[in-house]
Amino acid sequence: MSNEMTQNSSDKMGSAPMGKLLVGMCIPPMFGMLVQALYNIIDSIYISRLENSAKALAALSYVFPVQTCITAFSLCVAMGTSILVSRHLGEKNRKLADQTATTGLFLALFNSLLFIIIGIFLSKLYFSIFTNDIDIIRYGTIYMRIILIFSFGVLTEATCSRIIQGTGNMKDPLISQMLGVCTNIVLDPLFIFGIGFFPKLGVTGAAIATVIGQIISMVYLTRVLFKKQKDVTISPKKFKFEFKLSMNIIKLGIPVFSQEFFSSIAGALFNGILSGYSTTAIAIYGIGYKLQQLLFLLVAGLSLGGLPVLSYNFGAKNKARFLQCIKHLLVSSTVIMFIGLISFNLFLNNIVSLFATGDEMFSIGKVAIRGISFSFIFIGANTIFMVAFQSIGKFIHAFLITSLRVLGFAIPAAWILGRMCGLDAIWLAFAIGEGLCLLIFSPIAYREFSKI
């Protein structure tokens, strides 16, 4: 097959006006991420209305690092595949773009098998490590087992979505996310509270609603990828496993993998630190983290929209457009996070009252969410720098950002602050981690991007 490609939609990433291009590329994934984040928050609101809600929310807080781990594996393959697909399209190498996309799907299915095995055999053991509370173990084990066994939905959907985004198509991934999230939001109260003919399943119902939504998203995007997508062709019958290509995908996905995986480990460690205080503190951490994700996922959506543009223009050796794209992304992400910082502090009482079911939860929640919100100042720039490093193949730089910001800086800071100042100070650890990371990597980013 010839490497020459006909004019297609991916070419706009090298020629369209940058501002207009990024609006079209970034708004759909940002909106999709916002809806996904709102679902996570609504899910917690429903759970907080159950009997024994503090233990139910604590169980979800313990499971959240496991869900983050699933996300880590899904994004490792998905982002690595997307970067290479965009780069090969920029190089006008259609054959290699097709081969990369097919390999990415194979790796996603392999990860699915891994998580099915973990879900069946290790779910109860995981909870037994962290707590002796029978109710928390019961709630969490069932939830975790369902999420892991049916993780093929989110793993396959993520890879399909990033392949399609890598060609410049942001519409279909957005539709897919909307389908999945709306399904989740509709089914959540039905399965949790047993409305109508649906059984009352509580926390288990929340897990079932989640995986149904993920599978619906997967079905939609696989149909788009195999039937409608023109820039990339998936050919399972012609697939031949290539170790080198698989390693290139994983290598490029390691920075985002490390961000999510280290967040998963950090979440487990943070739960361990908070277990020395109270179950309520653990429940609040889960809620506070999801609220932080509301803003972080907006910036993540912005970076997802910008990543194909950065990768395409790096592949096309267009330095001016590459730098122009970074400037737009940095300004936009910083504005978003500052708006979030101001909003969270202005409406703090209203936000906490959505989840708090008692005076203790309300009191801890106010201090926690205010402390966590200060990390918003730095998150935007750190996220854009990480994605930009990925797009040019500087995976070690991106890896260091993702590993240091939480695991390297925030967790030690949390332990030290807890020992020195108590629970109220622990929540500032996230801002310390993000701030130190930005201080270190800003000059490195300036140097690397100036010489490409």
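Residues numbered from 1 in each chain as written. Predicted model: local features only at pLDDT ≥ 70, side-chain atom pairs only at ≥ 80, totals over all residues. Heavy atoms only, no water.

**Observations concerning the overall build of the protein chain**
Looking only at helices and strands, the protein chain features 17 helices and zero strands. Relative to the compact-globule value of 22 Å for 452 residues, the protein chain shows a C-alpha radius of gyration of 21 Å, a close match. Dimensions of the protein chain along its principal axes, counting C-alpha atoms only, are 65 × 50 × 35 Å. Within the span of the protein chain, comprising 452 residues, buried residues form 60% of the whole. Long-range contacts, defined here as pairs at least 24 residues apart, represent 82% of the contacts in the protein chain between residues at least 6 apart. The positive charge centre, built from 35 side chains, and the negative charge centre, built from 19, are 8 Å apart in the protein chain. (Helix = DSSP H or I, 4+ residues; strand = E, 2+ residues; numbered from the N terminus. Rg over C-alpha atoms; globule rule 2.2 N^0.38 Å. Buried < 20%, exposed > 50% of the residue type's maximum accessible area, 1.4 Å probe, protein only. Contact = heavy atoms within 4.5 Å. Lys, Arg positive; Asp, Glu negative; His and termini not counted. Charge placed at Lys NZ, Arg CZ, Asp CG, Glu CD.)

**Observations concerning the layout of surface pockets**
Counted as a void, the second largest pocket has a volume near 270 Å³. In terms of lining residues, the second largest pocket is bounded by 13 residues, among which Leu50, Tyr139, Leu201, Gly202 and Val203 are the most central. Of all the secondary structure elements, the ones that give two or more residues to the lining of the second largest pocket are helix 4 (134-149), helix 6 (171-193) and helix 7 (203-228). (1 Å grid on protein atoms, 1.4 Å probe; cavity = no way out; pocket = protein on both sides within 12 Å on 5 of 7 lines; lining within 4 Å. Points joined across faces, edges and corners; volume = space filled by probe spheres on them.)

**Considerations on helix 15 (residues 410-421)**
When the terminal C-alpha atoms of helix 15 are compared, their 15 Å separation across 12 residues agrees well with the 16 Å that a helix rising 1.5 Å per residue should span. The complete set of buried residues in helix 15 reads Ala410, Ile411, Ala413, Ala414, Leu417 and Gly418. Each buried residue of helix 15 sits inside an arc of 155° when the element is viewed along its axis, so together they form one side. Facing away from the buried side of helix 15, by more than 90 degrees, are the exposed residues Arg419 and Met420. Lining the buried residues of helix 15 we find helix 8 (243-274), helix 14 (395-408), helix 16 (423-426) and helix 17 (429-450). Following helix 15 by one or two positions, Gly422 has its phi on the positive side, about 95°. (Expected span 1.5 Å × (residues − 1). Arc of directions from axis to C-beta.)

**Focus on the packing of aromatic side chains**
Within the structure shown, the criterion is met by 24 aromatic pairs. Seen in terms of ring centroids, Phe389 and Phe449 are 5.1 Å apart; in terms of plane orientation they differ by 40°. Their pairing is tilted. Here Phe389 is found in helix 13 (residues 376-391), whereas its partner Phe449 is found in helix 17, with 60 residues between them in sequence. Among the aromatic residues, ring-to-ring pairing joins Phe64, Phe270, Tyr285, Tyr289, Trp427 and Phe430 into one connected group. (Phe/Tyr/Trp six-rings, centres within 6.5 Å; stacked < 30°, edge-to-face > 60°.)

**Notes on the packing of helix 9 (residues 279-315) against helix 13**
Where helix 9 meets helix 13, the closest approach of the two axes is 9 Å, and the angle between their N-to-C directions is 25°. In terms of axis orientation, helix 9 runs roughly parallel to helix 13. Handedness of the crossing formed by helix 9 with helix 13: right-handed. In this structure, helix 9 contributes Gln292, Leu295, Phe296, Val299, Leu302, Ser303, Leu307, Leu310, Ser311 and Phe314 to the contact, and helix 13 contributes Phe376, Ile379, Gly380, Thr383, Ile384, Val387, Ala388 and Ser391. Class assignment of the residues belonging to the contact of helix 9 with helix 13 gives a composition of 12 nonpolar, six polar and no charged. (Axes fitted to C-alpha atoms, helices over the stretch in contact; angles between N-to-C directions. Parallel < 35°, antiparallel > 145°, perpendicular 65-115°, else oblique. Left-handed = near helix turned anticlockwise from the far one by under 90°. Nonpolar A, V, L, I, M, F, W, Y, C, P; charged D, E, K, R; others polar.)

**Considering unusual backbone geometry**
Of note in the backbone geometry, Asn52 takes a positive phi value of approximately 55° without being a glycine. Residue placement: Asn52 occurs in the loop between helix 1 (18-47) and helix 2 (53-90). With phi around 65°, Lys92 is a residue other than glycine that occupies positive phi space. Structurally, Lys92 is set in the loop between helix 2 and helix 3 (94-130).

**What about the packing of helix 9 against helix 12 (residues 359-373)?**
Following both chains from N to C, one finds helix 9 and helix 12 inclined at 40°, their axes separated by 9 Å at the closest point. Between helix 9 and helix 12, the angle falls in the class oblique. The way helix 9 lies across helix 12 gives a crossing that is right-handed. Of the residues in helix 12, those in contact with Thr280, Ala283, Ile284, Gly288, Leu291 and Gln292 of helix 9 are Glu360, Met361, Ile364, Gly365, Ala368, Ile369 and Ile372. Class assignment of the residues belonging to the contact of helix 9 with helix 12 gives a composition of eight nonpolar, four polar and one charged.

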